[in-house]
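Geometric and topological summary
Chain by chain, the residues run as shown.
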Amino acid sequence: MPRTARDVVFVDGVRTPFGKAGPKGLYAQTRADDLVVRAIRELMRRNPSLPPERVDEVAIAATTQTGDQGLTIGRSAAVLAGLPKSVPGYAIDRMCAGAMTAVTTTGAGISFGSYDVVIAGGVEHMGRHPMGEGVDPNPRFLADKLVDPSALVMGTTAENLHDRFPQITKDRADAYAVRSQQKVAAAYAAGKIQPDLVPTAIRSAEQGWGLATEDEPPRPGTTLEDLARLKTPFRVHGNVTAGNAAGLNDGATACLLAAEDVARDLGLAPKMRLVDFSFAGVEPEVMGVGPVPATEKLLARNSLTMDDIGLIEINEAFAVQVLAFLEHFKIADDDARVNPWGGAIALGHPLASSGVRLMNQLARLFEERTDVRYGLTTMCVGMGMGGTVLWENVNWEGAK
């Protein structure tokens, strides 16, 4: 029997506060799988009309799938979170776009009719599992000159982007980074970020048990003068610093997706509708430009231009990567559509979890901006890729 595609909606999303990776970070003594469990339990608590047995799949991403981020973490986290044993789960990896891919893959399954309701998200505990831990790149990558050696160091790929776009200077990247810090500080002051955060138990040898209730990485009050003094670790007299890039972080995200008709039958209130998504590959040594072809392909397929997009949530792995995207689409560096509440330079980027953080913030913005119909979540991906998801505001006033 032929199947008719169904509308897919983003019902709800949560995340743990993001911590700094390392022995003094929030989650130094917290397991990665426990971070995911906390997010899943909170999703279920916030949506009591959803019977747990109606969850058809749990897809959780991790870039480094070992230790407490291994063991098919989607399934193990579902069991640990108390979902029925009948609920399956799996792990997924597309580096930084892991959670984004968990959403697009399960969302496609909903559209096809294989699922009604899913949980999708991601986790990265970079303190326990540094990026690249246990990786053994095939020597042919370099021996056969398949990729430039710089492709294996993310900070160096950002320096390569500065070379490709010389008009994106260090001063311009630093100015963008300062604005990100300022926007996050303003969003926190206005109570915009907190509704997505799940208070998470933590402990340390010095202070015992505690509760993480806000993000650890933001540096409110950061100035251009502060950033000008930072070292450029990836190149002598370079452009990329710890101040104009996302840090090394720990954290988890999770969201609830459903077929729109099923969501309404279950009393779940959709926040936004999944329209389409696209992934694209680029040269690995300039992986940060990946969102450009992914977005071009997506807009063209849907007969849209950037003028039709009212909100853009772009992951700030590096300021230069965001600015390259804006430069290509002729968007001003301070365009109000772009990351209105700040981004990863301030909030942090726990790799595979970040895609759902972007979606959480877009969904919240849609609730406030009923004048906006379409929004994007987009990000660059290690090894030379980009991903973009197109969303429609279910509360768009033009539909009434």
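All residue numbers here refer to positions counted from 1 along the written sequence of the relevant chain. Local features are withheld for residues below a pLDDT of 70 in this predicted model, meaning they are given only at 70 or higher, and side-chain atom pairs are given and counted only at 80 or more; totals for whole chains, interfaces and linings count all residues. Excluded from the side-chain calculations are hydrogens and water; all other atoms, namely the structure's heavy atoms, are used.

Points about the overall build of the chain
The secondary structure listing takes helices from DSSP runs of H or I that are at least 4 residues long and strands from runs of E that are at least 2 residues long, numbered from the N terminus. The number of helices and strands found in the chain is 12 helices and 12 strands. Expressed as lengths along the three principal axes of its C-alpha atoms, the size of the chain is roughly 60 × 55 × 50 Å. Partly exposed residues are those whose accessible area sits between 20% and 50% of the maximum for their type, while under 20% is buried and over 50% is exposed, using a 1.4 Å probe and protein chains only. Counting only residues that meet the buried cut, the chain has 58% of its 400 residues in that class. Summarising the internal contacts of the chain: among those between residues at least 6 apart in sequence, 79% fall at separations of at least 24. Computed with the Shrake-Rupley method and a 1.4 Å probe, the accessible areas treat only the protein chains shown as cover for residues. Of the roughly 16000 Å² of accessible surface on the chain, 53% is carried by carbon and sulfur atoms. Here, residues are in contact when the closest pair of their heavy atoms is within 4.5 Å.

Examining the environment of Thr157
Note on placement: Thr157 falls in helix H5 (residues 154–164). Since its relative accessible area comes to 1%, Thr157 is described here as buried. Remark: the alpha-carbon pair of Thr157 and Ala177, spanning 20 residues in sequence, is separated by 18 Å. Thr157 has contacts with Ser150, Ala151, Pro284, Glu285, Val286 and Met287, leaving out every residue within four places of it along the chain.

Observations regarding the pattern of salt bridges
Note on definitions: salt bridges are taken to be side-chain nitrogens of Lys or Arg within 4 Å of carboxyl oxygens of Asp or Glu. According to the stated counting rule, one finds 26 salt bridges in the structure shown. Its salt-bridge partner being Asp174, residue Lys170 comes within 2.7 Å of it at the nearest N-O pair. Of the two residues, Lys170 and Asp174 are both situated in helix H6 (residues 170–189); the distance of 4 residues between them amounts to about one turn of the helix. Just as Lys170 is buried, Asp174 falls in that class too. Arg264 serves as the salt-bridge partner of Glu260, at 3.0 Å between the closest nitrogen and oxygen. Note that Glu260 and Arg264 are positioned in helix H8 (residues 260–265) at a spacing of 4 residues, about one turn of the helix. Via salt bridges that share partners, Glu260, Arg264, Arg273, Arg373 and Glu392 belong to a single interconnected network.

Quick word on the packing of aromatic side chains
In this scheme Phe, Tyr and Trp rings, the latter by its six-membered ring, pair at centre separations within 6.5 Å, and the angle between planes marks the pair as stacked below 30 degrees, edge-to-face above 60, and tilted otherwise. Evaluated as defined, the whole model comprises 3 aromatic pairs. Taken together, a centroid distance of 5.9 Å and an interplanar angle of 85° make the contact between Phe10 and Trp391 edge-to-face. On the criterion of sequence distance, the pair formed by Phe10 in strand E1 (residues 8–15) and Trp391 in strand E12 (residues 385–393) is long-range, its members being 381 residues apart. Of the two residues examined, Phe10 and Trp391, each falls in the buried class. Where Phe277 meets Phe279, the ring centres are 6.2 Å apart and the plane angle is 65°; that geometry is what we call edge-to-face. Judged by its relative accessible area of 26%, Phe277 falls in the partly exposed class. When its relative accessible area of 16% is taken as the criterion, Phe279 is described as buried. Across from the ring centre of Phe18, 4.4 Å away, lies the NZ or CZ of Arg15, which sits over that ring. In this scheme, the term charge over a ring applies when either NZ of a lysine or CZ of an arginine sits within 6 Å of the ring centre and within 35 degrees of the ring normal. Stacked on the ring of Phe279, the Lys or Arg Arg94 has its end atom at 3.7 Å from the ring centre.

Quick look at helix H3 (residues 98–112)
To estimate how far a helix should extend, the number of its residues minus one is multiplied by 1.5 Å. End to end, H3 covers 21 Å across 15 residues, agreeing with the expected 21 Å (1.5 Å per residue, within 8%). The buried fraction of H3 is high, at 12 of 15 residues. When we look at burial in H3, the residues that qualify are Gly98, Ala99, Met100, Thr101, Ala102, Val103, Thr104, Thr106, Gly107, Gly109, Ile110 and Ser111.

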